[in-house]
Amino acid sequence: MLEMPKVYYARSGDVRIAYFTLGDGPNDILIAPGATSHLEQNWTIPLLREFYLGAATLGRVITFDKRGNGMSDRDATFTFDERLDDIRAVLDAVGSTQVHLIGISEGGPMSAVFAATFPERVRSLAFYGSFASWRKRPGHPSGDPRTVAEFVRDTEKLVDGFDDDAVIGEWVSVFGPATYAEHPEMLSRACRTLRDRVSPTGFRAHWTAAYEADVRHVLPNLHLPTLVIHRTGDLGVPVGSGRYLAANIPNARYLELPGTEHIEMPGDELVAWIDEQNLKESDVPFSGRSLATVLFSDLVRSTESAVKVGDAAWRSKLDEHDKAVASAVAGHGGRLVKSTGDGVLATFDGPSRAVRCGLELHESLTAFGLKMRVGMHTGEIETRGDDVAGIGVHIAARVAAMAGTGETLVSSTVKDLVSGSGLTFADRGRHALKGVPEEWQLFAATGGF
């Protein structure tokens, strides 16, 4: 067996992300792994190693262990925001500006969000055995058929029996090679492999995040060459999930292969896809459109307050407001786009950070005797110089207009993208937003700041 590439660590905030690269050349290929991975173990799996080597004939392969498992820091929380940060940290560490991105299984949702949020850094996108929502939901009947209670029950059984090969073997028989179940020695080795990859508590966290992830609203914003590959009898992720991805991503190509093995990487097909993309124009122009979380804030009863305290005192309060808002937005990694009079418009590349910014604004402005409403939505925006426009901005403004005093109101899209963040929400029901098609489910952020 060839010697494994050297493992390096990229700093993503306070977390260290393990990665390696293989090959060189002008074309970078980033592989986002599934729910659990371990770089050293992956190299010993023939199907994965052969895929790495095949892809490396076309350019430089980059792959990593997600935070919380494998060789990366284990004691780390993770949200979509943080996972996007981790990808950027790895790409920055190796000096990569643009990649062919491949999302395997649970690595697919994070790849979709990354490609939509940072389209200038992705040349093409491919999914294998992946999903927009693994969980069955209204409007998405092809997902995992278990109820939430059944999923929690099954997950806790696995966590409690993490030292029992018979228990873990049930999971391996679905998400690992099915033949392992017929060979006790191979099954035992597969169980040890899983335990090496992730702790019991880490498994629960990753598994729950995969089950709760919902990036369906992100798919229409993927305006780049996309390939979806799925096996007809995939035992881990139903084939309907792959079909849904392909049907809802503009101009996506769909390839359905025979077989039931979730782990059986279609290396030849993926390498052929990358080779095809490499024959096209190498520099993909940035269209100015990207996915972002748009936040609007608005002071409540500002005119009445100005009349009551007088112009000078009100001006002083507004100065305090401006400082507090600018500090909160910058502190949560956002961009303050402009003032809207008695409020602001800001954008964030991570919805969790945007929600926490909104909660902080209420807390900090209360000290100055000011009340505000905050609303936000994650959607596609268009950058126009220093300003932003587009349907995502329009929806965020409508959501903000419906927020109550002291409330941070978010669209269902925001809530769907912050699973695992610790943020909590109260359901505010379905509402018609002026000028926006269909009704939208809205939620008020209630905690987790």
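Numbering of residues starts from 1 in every chain and runs along the sequence as written. Only residues with pLDDT of at least 70 are given local features in this predicted model, and only at 80 or more are side-chain atom pairs given and counted; all residues enter the totals for whole chains, interfaces and linings. The side-chain figures draw on all heavy atoms in the structure; neither hydrogens nor water molecules are used.

### Things to note about the overall build of the chain
Now for step 1: Helix numbering and strand numbering both begin at the N terminus, where a helix is a DSSP run of H or I of at least 4 residues and a strand a DSSP run of E of at least 2. Per the secondary structure count, the chain includes 15 helices and 16 strands.
Now for step 2: Put simply, the radius of gyration uses C-alpha atoms, and a globule should come to 2.2 Å times the residue count raised to 0.38. For 449 residues, the compact-globule estimate of 2.2 N^0.38 gives 22 Å, and the C-alpha radius of gyration of the chain, at 23 Å, lies within 12% of that figure.
Now for step 3: With respect to the three principal axes, the spread of C-alpha positions in the chain is 80 × 50 × 40 Å.
Now for step 4: Buried means the residue's accessible area, taken with a 1.4 Å probe over protein chains only, is under 20% of the maximum for its type, while exposed means over 50%, and partly exposed covers the values in between. Of all 449 residues assigned to the chain, the portion counted as buried reaches 56%.
Now for step 5: Any two residues whose heavy atoms approach within 4.5 Å at even a single point are treated as in contact. Sequence separation of 24 or more characterises 74% of the internal contacts of the chain that already satisfy a separation of 6 or more.
Now for step 6: A positive count includes Lys and Arg, and a negative count includes Asp and Glu. His and the chain ends are not counted in either. By convention, charge coordinates are those of NZ in Lys, CZ in Arg, CG in Asp, or CD in Glu. Charge-centre separation for the chain: the mean point of 46 positive side chains lies 4 Å from the mean point of 59 negative side chains.

### Points about the pattern of salt bridges
Now for step 1: By salt bridge we mean one thing: a side-chain nitrogen of Lys or Arg within 4 Å of a carboxyl oxygen of Asp or Glu. For the structure on display, the rule yields 26 salt bridges.
Now for step 2: The salt bridge involving Arg 353 is made with Asp 349; its shortest N-O contact spans 2.9 Å.
Now for step 3: Owing to a relative accessible area of 18%, Arg 353 belongs among the buried residues under this scheme.
Now for step 4: The structure contains a network of salt bridges with shared partners spanning Asp 85, Arg 88, Asp 349 and Arg 353.

### Details of the pairing of strand 12 (residues 372-384)
Now for step 1: The pairing of strand 9 (residues 289-299) with strand 12 spans 11 bridges and is antiparallel. Within the sheet, the bridge partner assigned to Asp 298 lies in strand 12 and is Arg 373.
Now for step 2: Pairing geometry for strand 12 and strand 13 (residues 387-389), over three bridges, is antiparallel. Directly across from Glu 382, in strand 13, lies its bridge partner Ala 389.
Now for step 3: The criterion for strand pairing is that DSSP finds at least two bridges linking the strands in question. A loop of two residues connects strand 12 with strand 13, the two strands running antiparallel in sequence, and Gly 385 in this loop sits at a positive phi of about 65°.

### Re the environment of Leu 219
Now for step 1: With respect to the helices and strands, the residue Leu 219 is situated in the loop between helix 8 (200-212) and strand 7 (226-231).
Now for step 2: Its relative accessible area of 0% is what places Leu 219 among the buried residues.
Now for step 3: For Leu 219, the residues in contact, after removing those within four places along its chain, are Ala 132, Tyr 244, Leu 245, Asn 248, Ile 249 and Pro 250.

### Focus on the pairing of strand 5 (residues 99-104)
Within a regular strand, the side chains alternate between the two sheet faces.
Now for step 1: With six of six residues buried, strand 5 lies mostly within the body of the structure.
Now for step 2: Neither face of strand 5 is exposed, since Val 99, Leu 101 and Gly 103 on one face and His 100, Ile 102 and Ile 104 on the opposite face are all buried.
Now for step 3: Two strands pair when backbone bridges link them, and strand 3 (residues 28-32) and strand 5 are joined in this way by five bridges, in the parallel orientation. Residue pairing in the sheet places Ala 32 in a bridge with Gly 103 of strand 5.

### Description of the nonpolar core
Now for step 1: By size, the foremost hydrophobic cluster in this structure holds 42 residues, and its most contacted members are Leu 30, Phe 64, Val 113, Phe 114 and Leu 222.
Now for step 2: Looking at this core, the elements that each hand over two or more residues are strand 2 (15-22), strand 3, strand 4 (60-64), helix 3 (80-94), strand 5, helix 4 (107-117), strand 6 (122-128) and helix 9 (239-248).
Now for step 3: Tallying contributions element by element places helix 3 first for this core, with seven residues.
Now for step 4: Residues within four places of Val 113 in sequence aside, it is in contact with Phe 80, Leu 84, Val 215, Val 218, Leu 291 and Leu 417. Only buried residues count toward a nonpolar core. Its members are Ala, Val, Leu, Ile, Met, Phe, Trp, Tyr and Cys residues joined through side-chain atoms within 4.5 Å.

### Notes on the sheet that holds strand 4
Adjacent strands of a sheet pair through backbone hydrogen bonds, lying either parallel or antiparallel.
Now for step 1: Ordered in space as 1-2-4-3-5-6-7-8, the eight strands form an open sheet in which the pairing is mixed. Across the chains shown, the open sheet's two edge strands, defined by having one partner strand only, are strand 1 (8-12) and strand 8 (253-257). Put simply, the sheet's adjacent strands are angled 25° from each other on average, direction ignored.
Now for step 2: Note that strand 6 and strand 7 share four bridges and pair parallel. Every angle, taken between N-to-C directions, lies between 0 and 180 degrees, and every axis is a line fitted to C-alpha atoms, over only the stretch in contact when it is a helix.

### Some remarks on unusual backbone geometry
Now for step 1: Positive phi is not limited to glycine here, since Ser 105 has a value of about 50°.
Now for step 2: Mapped onto the elements, Ser 105 comes out in the loop between strand 5 and helix 4.
Now for step 3: Judged by its relative accessible area of 12%, Ser 105 is buried.

### Brief notes about helix 2 (residues 46-56)
Now for step 1: Burial in helix 2 covers these residues: Leu 48, Arg 49, Phe 51, Tyr 52, Ala 55 and Ala 56. End-on, the buried residues of helix 2 take up no more than an arc of 160°, which puts them together on one face.
Now for step 2: Contacts from the buried residues of helix 2 go to strand 2, strand 3, helix 1 (39-44), strand 4, strand 5 and helix 10 (267-278). Here, the arc refers to the directions that run from the helix axis to the C-beta atoms.

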